[in-house]
Every structure is written in C-alpha cells, then in structure tokens.
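One-letter residues, chain by chain:
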Amino acid sequence: MGGRSEPGLSVAARSPAVASASRVSRVLDVVLAGVALVALSPVLLLVAAAVRLTSRGPALFRQTRVGYLGEPFVMLKFRSMRVNCGDALHREFNQRELAGEDPRGGQAGVYKPAHDPRITPVGRLLRVTSLDELPQLINVLRGDMALVGPRPALDWEVALYQPHHRERFLVKPGITGLWQVSGRNMLNMREALDLDVAYVHRRSVALDLRILARTVPTVLHLGSTR
C-alpha cells in the first residue's frame, strides 16, 4: 500500500452511509476508550511493571502497521517478546498461511508457531489474556484505530492479500473484531481476512456492540483452553 490510499478505497469510504456510521462509531470509541483507560489504569501500571521487571527492554512495543485507507500508523502494545529478536519465524508461518498452506505440520490447534522462543514468560500470559493489546486504547483516542475493526496489518502481509481482502481498509483497524469472536487463532489468516471483509459489508453500531460484548468471554474461554 506504500502509505498512500488507493483511489478505489477512498471513493467507497466517502459514501454517505459509511460516513454516518463512522461518525457514530467514533463518538462511541472515544467515550468507551477514555472510560476504559481510566478504569484499567491500575492494570496498565501493573502490566507495565511486570514487563519491565522480568525482561530487558521497554514496557511498550511500537510497530508500524497499515491502517485506514492503507495509511501507516504506529501501533502500541505491551512488549511480549525479547528485544532485538527477528520475525523470520512469524513471517514464514504467516506467508505459508496466506499461500493456502497449513504451517502447523499436520498438528491440530491454534494457527500460531509452537514454542516461539522470542516470547517471554510474562509475554505468553499477556498474549493468552490479550492484555498486551490494552495500550491500543491510546491508538483509539488518537484516531488511528477503532475499538472494533479488522486486525492491524503488516506491510508484507498486505502484499500477499487477495484483491478483495483490501476492502478491509475501508474501515479503521480495531482492537477486537469479528474474527476474534469467531474463533481467533483457531482460524487461519485467509479465514480471518474473509471475516474482516464480511465485517466491512455488515458494519453497524449494533454489530460493534455485539462484538464488544462477546470479546471478553471469548478471550477468557480461549485462554482457558491453552
């Protein structure tokens, strides 16, 4: 996407229906994200301290992702990996998924590399509980993200998308989304991308509220099965 919006996406995103839904969703995002940041501030401080005290490096991890209309932004997360580690394992795994392969080696289970040595013990817990995603509430207040939307994408992932998957950039990326409450890591990337596009077509405030209501029980259930 190269950090520039594509003409077709820009035109579609300016339709009156999409613009109206976006305004309502933005107000909801700001109110709920603000309340959540205040209410969860003790949790944020505890997680930040745990990350700093148990591994070398900063509490926050910053990474450039592809957002609304293909524009890049810096996404925030609590750091769950050791510093200065490469992404070769993750990249190969996801590239095989996007090519239509099953990179799990015939094993059932989640679509994640097994025994990823880059993840710290605290980071593993943060990922299972999705606590590593909480700093993205700041991204929501900044306007980079929404509470509900497609998963924020990496540049190299976007280069491997099928053409119709680029419709996901018609809305802002989200902290949670349709794929997260429909199977999360039990789905492969192609299935997740199809759900992202389905969300764009079905988007409404009511759907967003249903997804938000289902997010916490889904995370708790999947976390308890790992």
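Residues numbered from 1 in each chain as written. Predicted model: local features only at pLDDT ≥ 70, side-chain atom pairs only at ≥ 80, totals over all residues. Heavy atoms only, no water.

1. Topic: empty space enclosed by the protein
And step 1. The final tally for this structure, using the stated rule, is 2 cavities of 30 Å³ or more.
And step 2. The volume enclosed by the largest cavity comes to roughly 50 Å³.
And step 3. Lining of the largest cavity is provided by Ser25, Leu28, Asp29, Ala146, Leu147, Val148, Tyr199, Arg203, Asp208 and Leu212.
And step 4. Of all the secondary-structure elements, those providing two or more residues to the lining of the largest cavity are helix 2 (16–39), strand 3 (146–148) and helix 9 (205–224).
And step 5. Tallied by class, residues from the lining of the largest cavity come to 6 nonpolar, 1 polar and 3 charged. (1 Å grid on protein atoms, 1.4 Å probe; cavity = no way out; pocket = protein on both sides within 12 Å on 5 of 7 lines; lining within 4 Å. Points joined across faces, edges and corners; volume = space filled by probe spheres on them. Helix = DSSP H or I, 4+ residues; strand = E, 2+ residues; numbered from the N terminus. Nonpolar A, V, L, I, M, F, W, Y, C, P; charged D, E, K, R; others polar.)

2. Observations regarding unusual backbone geometry
And step 1. Despite not being glycine, Leu69 shows a phi value in the positive range, around 55°.
And step 2. In this model, Ser130 sits at a positive phi of 65°, which is unusual for a non-glycine residue.
And step 3. Relative accessible area serves as the criterion here: at 18%, Ser130 is assigned to the buried category. (Buried < 20%, exposed > 50% of the residue type's maximum accessible area, 1.4 Å probe, protein only.)

3. Structural notes on a nonpolar patch on the surface
And step 1. The grouping of Val27, Val31, Leu32 and Val35 at the surface amounts to a nonpolar patch, some 340 Å² of accessible area in total.
And step 2. Residue classification places Val31 among the partly exposed positions, given a relative accessible area of 47%. (Patch = residues over 30% accessible without salt bridge, like charges linked within 9 Å, V, L, I, M, F, W, Y side chains within 5 Å. Areas by Shrake-Rupley, 256 points an atom, 1.4 Å probe, with all protein chains shown as cover. Salt bridge = Lys/Arg side-chain N within 4 Å of Asp/Glu carboxyl O.)

4. Remarks on the packing of aromatic side chains
Given two aromatic rings, one states the distance between the centres and the angle between the planes to describe the pair.
And step 1. Taken as a whole and assessed by the stated rule, the structure comprises 1 aromatic pair.
And step 2. Relative to Phe169, the ring of Tyr161 has its centre 6.2 Å away and its plane inclined at 20°; by these criteria the two rings are stacked. Here the two residues Tyr161 and Phe169 agree in accessibility, since each one is buried.
And step 3. Of note, Arg168 hangs over the ring of Phe169, and the distance from its end group to the ring centre comes to 5.4 Å. (Phe/Tyr/Trp six-rings, centres within 6.5 Å; stacked < 30°, edge-to-face > 60°. Lys NZ or Arg CZ within 6 Å of the ring centre and 35° of its normal.)

5. Details of the pattern of salt bridges
And step 1. Taken as a whole and assessed by the stated rule, the structure comprises 4 salt bridges.
And step 2. In this structure, Arg151 engages Glu157 in a salt bridge whose closest nitrogen and oxygen atoms are separated by 3.0 Å.
And step 3. On the basis of relative accessibility, which here comes to 0%, the residue Glu157 falls in the buried class.
And step 4. Connected via shared salt-bridge partners are Lys77, Asp132 and Glu133.

6. A closer look at the nonpolar core
What tends to happen in soluble globular proteins is that the nonpolar side chains get buried as a cluster.
And step 1. Counting residues in each nonpolar core, the largest one holds 25 residues, and the members touching the most others are Phe78, Leu137, Leu147, Tyr199 and Ile211.
And step 2. Every element with two or more residues in this core is listed here: helix 2, helix 3 (41–54), strand 2 (72–78), helix 6 (136–142), strand 3, helix 8 (189–202) and helix 9.
And step 3. Once you skip the residues sitting within four places of it in the chain, Leu137 turns out to touch Ala33, Ala36, Leu37, Leu147 and Ile175.
And step 4. Residues Ala153, Tyr161, Phe169 and Met189 belong to the second largest nonpolar core, which totals 8 residues. (Core = buried A, V, L, I, M, F, W, Y, C linked by side-chain atoms within 4.5 Å. Contact = heavy atoms within 4.5 Å.)

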